[in-house]
Amino acid sequence: MKPQASALTDDFDDSLITIEEDEEAHEDDLWFLPGPLEEEPDDLPPGPRAEPPDTAVIEDWAKAEGAHAARLAKVAGRLGALDDRLLRGPEGWRHRLALIEAADLSWFAGDRVSSDRLALWISMRLSGAQDDPNALARVGWAVRRLTGGPGPMADLAAFLDRRDPENIEDSAERFEDRAGGWLDVMITAADLHPITRACMGFHLWSLAGLGQHGDQMEAAVTASRIAACDGSGAIFAPLAMGGAGGLRVSGLPTERLARWLDGMNSASLTAMRTLDDIEAWTCRAENVMAQLSGRTPVALRRTLSQWPLVSAPMAEAMTGASRAAVQRNLAWMEASGLIREVTGQGRYRMWKATD
């Protein structure tokens, strides 16, 4: 007997087709739903790129250090010679170099504090109506940090004299966090030479969010202390005495380190020539002034070796001598060719040691 087709099976298949067709038709009616994700055009602007990891940044500077190994060794030797010279010399030499470096850095940072204004501010806190008190305070801070005290790696916030306010908002970015991030990178780069590490830290300063008005001064002073961290005589590495070309911010790490090394080499040579000149002047002054008696000539000679420029009120405050004794000895030294007056004025006159 011929089997009959199952009517139930046929009806079941038809019902499936009907249901699927109904669902497709029903979905077509849902015009308010968004289309498939892959069909939407990508009109959104590109988001921020992920920052490279700290290790990648350090690797770039390690490659730059390897590329300039010979030049780095030369500059390190030059800095070592300066360190030995200052270790054997009088304390006043460090102070003199710090004043010169701070004044030159102020011109690089845009404050443009001259040596005579800086000398008056540091020694007696005197300033003129045309002087910017904030600029003088920044340069005064630089002199203090270039002449002594704990380095930046011990406590960066204390080194910079910057703290978060007590009433800071919870949503605000804290200075301690930014400083901690910068210090973490510097500690991770401990295998780099201090000179290379100082250069890297200087160029990462703004990227770490440490920049504010005067940040170039802070970054340079911090880097100069790090570069000389292995020394015993030189508290800082000169960066601006021979010109601030090494502090220019542009190019890849290899280019930046090359400029940094050239700038440090020039600045170190300038510092050594400064010490040569003041040592020769001190010997000459001792011979010429041997005929003078009393403590004022000796104190004046020491003051003039420590300060690039000296005024009569400054000399009076530094030596503890009377105004009359100071002016009498300054006049005698000027007549003997040991010092010369540089302002050309009748009042507020300043003298410097002759070359």
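Now for a quick tour of the structure. (Residues numbered from 1 in each chain as written. Predicted model: local features only at pLDDT ≥ 70, side-chain atom pairs only at ≥ 80, totals over all residues. Heavy atoms only, no water.)

Another aspect to go through is unusual backbone geometry. A positive phi is found at Arg112, a non-glycine position, where the angle reads about 55 degrees. A relative accessible area of 57% places Arg112 in the exposed class. You will see that Asp161, though not glycine, has its phi angle at about 60 degrees, which is positive. As for its placement among the helices and strands, Asp161 is situated in the loop between helix 7 (156-160) and helix 8 (175-188). (Buried < 20%, exposed > 50% of the residue type's maximum accessible area, 1.4 Å probe, protein only. Helix = DSSP H or I, 4+ residues; strand = E, 2+ residues; numbered from the N terminus.)

Two pairing modes exist for strands in a sheet, parallel and antiparallel, and in both the strands are linked by backbone hydrogen bonds. Spatial ordering of the open sheet is given by 1-3-2, a layout of 3 strands whose pairing is antiparallel. The sheet is open, and its two borders are formed by strand 1 (310-311) and strand 2 (339-341), each paired with just one other strand. Judged from the 3 bridges that link them, strand 2 and strand 3 (residues 350-353) form a sheet pairing that is antiparallel. Looking at strand 3, one finds that Arg340 is bridged to Lys352. (Pairing = 2+ DSSP bridges.)

The subject of this paragraph is the pairing of strand 3. Relative to strand 3, strand 1 is paired through 2 bridges, and the arrangement is antiparallel. Its bridge partner being in strand 3, Ser311 is matched across the sheet by Met350.

Relative orientation of the contacting elements helix 9 (residues 194-204) and helix 11 (residues 253-288) amounts to 115 degrees, with a least axis distance of 10 Å. Along this stretch, helix 9 crosses helix 11, giving a crossing that reads as right-handed. Where helix 9 approaches helix 11, its residues Ile195, Thr196, Ala198, Cys199, Phe202 and His203 are matched on the opposing element by Arg256, Leu257, Trp260, Leu261 and Met264. When the residues that make up the contact of helix 9 with helix 11 are grouped by side-chain class, the tally is 8 nonpolar, 2 polar and 1 charged. (Axes fitted to C-alpha atoms, helices over the stretch in contact; angles between N-to-C directions. Left-handed = near helix turned anticlockwise from the far one by under 90°. Contact = heavy atoms within 4.5 Å. Nonpolar A, V, L, I, M, F, W, Y, C, P; charged D, E, K, R; others polar.)

Moving on, we come to the nonpolar core. In this structure, Trp182, Ile195, Met200, Trp260 and Trp281 are the most contacted members of the largest nonpolar core, which totals 94 residues. If we skip the residues at most four places from it in the chain, Ile195 touches Leu72, Val75, Ala76, Leu79, Ala227, Trp260, Leu261 and Met264. (Core = buried A, V, L, I, M, F, W, Y, C linked by side-chain atoms within 4.5 Å.)

Structurally, Thr222 can be placed in helix 10 (residues 215-227). Owing to a relative accessible area of 1%, Thr222 belongs among the buried residues under this scheme. There is a polar contact of 2.7 Å between the side chain of Thr222 and the backbone oxygen of Glu218. For Thr222, the contacting residues outside a window of four places in its chain are Pro152, Leu156, Phe159, Leu160, Trp182 and Trp205. (Polar contact = N/O pair within 3.5 Å; in protein donor to acceptor, adjacent residues only side chain to side chain.)

Read these as geometric descriptors, not functional statements.
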